[in-house]
Amino acid sequence: QLQASGGGLVQAGGSLRLSCAASGRTFSIYHMGWFRQAPGKEREFVAAITRGVGRIYYADSVKGRFTISRDNAKNTVYLQMKSLKPEDTAVYYCAAYYSSSDYPSRSEYDYSYWGQGTQVTVSS
């Protein structure tokens, strides 16, 4: 089970940190990802991190502004968001899946477990 938190209302240029806490004892074996869905749009990939070796991928739209990280001791994955823009407004979802690959997927269809989402609203 995944529980996302940390969303809110922020002005353009501001920052937020999202957290996603996982239950269970096997968090460290899962690749973790963040996705987002804006009103009227498809859900899109934001960032992903592997379970162990720390390979990280970002969507081009957030590269240089967002940072994904994980703390396996706390069963938590984070998304630090800086220099937020109004176009970052969306519901943000964390997700997890297991794969023997060392490369995390950018495709939502590979992810087996999803959190409930947390709303991020960026005002101009």
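In short, a report on the structure. (Residues numbered from 1 in each chain as written. Predicted model: local features only at pLDDT ≥ 70, side-chain atom pairs only at ≥ 80, totals over all residues. Heavy atoms only, no water.)

1. As for the packing of aromatic side chains
Stated precisely, the cut-off is as follows: Between rings of Phe, Tyr and Trp, where Trp is taken as its six-membered ring, a pair exists when centres lie within 6.5 Å; planes separated by under 30 degrees are stacked, by over 60 edge-to-face, and by other angles tilted. Secondary structure elements are defined from DSSP: runs of H or I of at least 4 residues count as helices, runs of E of at least 2 residues count as strands, and each element is numbered from the N terminus. Either the NZ atom of lysine or the CZ atom of arginine qualifies as a charge over a ring when it sits within 6 Å of the ring centre and within 35 degrees of the ring normal.
A complete count under the given rule lists 7 aromatic pairs for this structure. When the centroid spacing of 5.8 Å and the interplanar angle of 90° are considered together, the rings of Tyr30 and Tyr113 count as edge-to-face. Taken together, the positions of Tyr30 in the loop between strand E3 (16-22) and strand E4 (31-37) and Tyr113 in strand E10 (residues 113-114) put the pair 83 residues apart, joining distant regions of the chain. Ring plane angle 50° and centroid distance 5.1 Å describe the contact between Phe35 and Trp114, whose orientation is recorded as tilted. Within this pair, whereas Phe35 is found in strand E4, its partner Trp114 is found in strand E10, the two being separated by 79 residues in sequence. Each member of the aromatic cluster is reached from another via a ring pair, and the members are Phe35, Phe45, Tyr93, Tyr97, Tyr111 and Trp114. The ring of Tyr103 carries Arg55 above its face, with NZ or CZ at 4.3 Å from the centroid. For the cation-ring pair, Arg106 lies above Tyr57, with the distance from its terminal atom to the ring centre recorded as 4.0 Å.

2. Observations concerning the side chain of Thr76
What counts here: The buried label applies to any residue whose accessible area, calculated with a 1.4 Å probe on protein chains only, is under 20% of its type's maximum; exposed applies above 50%, and partly exposed to all values in between. Here a polar contact is taken to be a pair of N or O atoms separated by no more than 3.5 Å, where protein atoms must pair a possible hydrogen donor with a possible acceptor and residues adjacent in sequence count only if both atoms sit in side chains.
You can see Thr76 is positioned in strand E8 (residues 76-81). Given the relative accessible area of 9%, Thr76 is considered buried. In this structure the side chain of Thr76 is engaged in a polar contact, spanning 2.8 Å, whose partner is the backbone oxygen of Lys74.

3. Description of the pairing of E3
Both faces of the sheet carry side chains from a regular strand, because those side chains alternate between them. Worth spelling out the cut-off: We treat two strands as partners when DSSP finds at least two bridges between them.
Taking burial as the measure, the 7 residues of E3 include 5 buried ones, the bulk of the element. Here strand E1 (residues 2-5) pairs with E3 via 4 bridges, running antiparallel. Opposite Ala4, over in E3, you have Cys20 as the bridge partner. In this structure, E3 lies alongside E8, joined through 6 bridges in antiparallel fashion. Along E8, the bridge assignment pairs Arg17 with Gln80.

4. Topic: the environment of Arg106
Threshold: Here, two residues are considered to be in contact whenever any of their heavy atoms come within 4.5 Å of each other.
Inspection of the secondary structure puts Arg106 in the loop between strand E9 (90-97) and E10. The class for Arg106 is partly exposed, based on a relative accessible area of 48%. Here the alpha-carbon distance between Arg106 and Ser123, two residues 17 residues apart in the chain, equals 27 Å. Residues in contact with Arg106, not counting those within four places in the same chain, are Phe35, Phe45 and Tyr57.

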